[in-house]
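# Coordinate inspection notes
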Amino acid sequence: MDTTYYDHGTPAERWERAGMFFDAKDFTAAARVLAGLVEEVPEQTGPRLLLARAYYHSAQLRRAEAELRVIVERDPVEHYARLMLGRTLQRQGRHDEAASHLRIASALAGRFDDE
């Protein structure tokens, strides 16, 4: 498999290319670009979160879950990652596990069920 197109360019150029693929709803291509970028800059949340979203939208749910768990472990109050993790677990039929992440995401966003 030729990956030179997906790996070509500076990190900024690859970030832009991944965004174009994502915006065009070519989530698999976006994930291919982002996977290399995340490997290169694993400490950055933005590329990892977009990679998780690309995996989610291309039904690569286990991969999405793995990326989201890394984000949540590093930043437990990252509410969008919590929300996505909950949705990803729901799509896998793991509703009980999803519920806690969805509750935390709601609380972090300032929405409470008992109001």
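Attention here is on the structure that accompanies the text. As the structure is a prediction and not an experimental result, all values here were calculated from the model. (Residues numbered from 1 in each chain as written. Predicted model: local features only at pLDDT ≥ 70, side-chain atom pairs only at ≥ 80, totals over all residues. Heavy atoms only, no water.)

## A look at the overall build of the chain
The secondary structure content of the chain amounts to seven helices and zero strands. The order of helices and strands in the chain, counted from the N terminus, is α-α-α-α-α-α-α. For the chain, the spread of C-alpha atoms along the principal axes amounts to about 50 × 25 × 20 Å. When each of the 115 residues of the chain is scored for burial, the buried share is 38%. A sequence separation of at least 24 residues applies to 41% of the contacts in the chain between residues at least 6 apart. As presented, the chain carries roughly 6800 Å² of accessible surface, and 51% of it is formed by carbon and sulfur atoms. Taking the average place of the 16 positive charges on the side chains of the chain and the average place of its 19 negative ones, the gap between the two points comes to 4 Å. (Helix = DSSP H or I, 4+ residues; strand = E, 2+ residues; numbered from the N terminus. Buried < 20%, exposed > 50% of the residue type's maximum accessible area, 1.4 Å probe, protein only. Contact = heavy atoms within 4.5 Å. Areas by Shrake-Rupley, 256 points an atom, 1.4 Å probe, with all protein chains shown as cover. Lys, Arg positive; Asp, Glu negative; His and termini not counted. Charge placed at Lys NZ, Arg CZ, Asp CG, Glu CD.)

## Here's the deal with the pattern of salt bridges
Inspection of the entire model under this criterion finds seven salt bridges. When the shortest N-O distance is used, the salt bridge between Arg 62 and Glu 65 registers 3.9 Å. In this pair, Arg 62 and Glu 65 are both assigned in helix H5 (residues 61–74), three residues apart and thus about one turn of the helix distant. The salt bridge partner of Glu 65 is Arg 69, with a shortest N-O separation of 2.9 Å. Residue Glu 65 and its partner Arg 69 are both found in helix H5; the two are separated by four residues, about one turn of the helix. Look at Glu 65 and you get buried, because its relative accessible area is 8%. (Salt bridge = Lys/Arg side-chain N within 4 Å of Asp/Glu carboxyl O.)

## Overview of the packing of helix H4 (residues 45–57) against H5
Direction vectors running N to C along H4 and H5 enclose 155°, while the axes themselves pass 8 Å from each other. Relative to H5, the element H4 lies roughly antiparallel. H4 and H5 meet at a crossing whose hand is left-handed. Only Leu 61, Arg 63, Ala 64, Glu 67, Leu 68, Val 70, Ile 71 and Arg 74 of H5 make contact with H4, whose side of the interface consists of Thr 45, Arg 48, Leu 49, Leu 51, Ala 52, Tyr 55 and Tyr 56. Residues belonging to the contact of H4 with H5 are distributed by class as follows: ten nonpolar, one polar and four charged. (Axes fitted to C-alpha atoms, helices over the stretch in contact; angles between N-to-C directions. Parallel < 35°, antiparallel > 145°, perpendicular 65-115°, else oblique. Left-handed = near helix turned anticlockwise from the far one by under 90°. Nonpolar A, V, L, I, M, F, W, Y, C, P; charged D, E, K, R; others polar.)

## Focus: the environment of Glu 97
Counting through the fold element by element, Glu 97 comes out in helix H7 (residues 95–108). Sequence separation between Glu 97 and Leu 85 is twelve residues, and the spatial gap between their C-alpha atoms is 9.7 Å. A polar atom in the side chain of Glu 97 sits 2.9 Å from the side chain of Arg 94. (Polar contact = N/O pair within 3.5 Å; in protein donor to acceptor, adjacent residues only side chain to side chain.)

## Details of a nonpolar patch on the surface
On the surface, Val 77, Ile 104 and Leu 108 cluster together to form a nonpolar patch covering roughly 240 Å² of accessible area. Residue placement: Ile 104 occurs in helix H7. On the basis of relative accessibility, which here comes to 34%, the residue Ile 104 falls in the partly exposed class. (Patch = residues over 30% accessible without salt bridge, like charges linked within 9 Å, V, L, I, M, F, W, Y side chains within 5 Å.)

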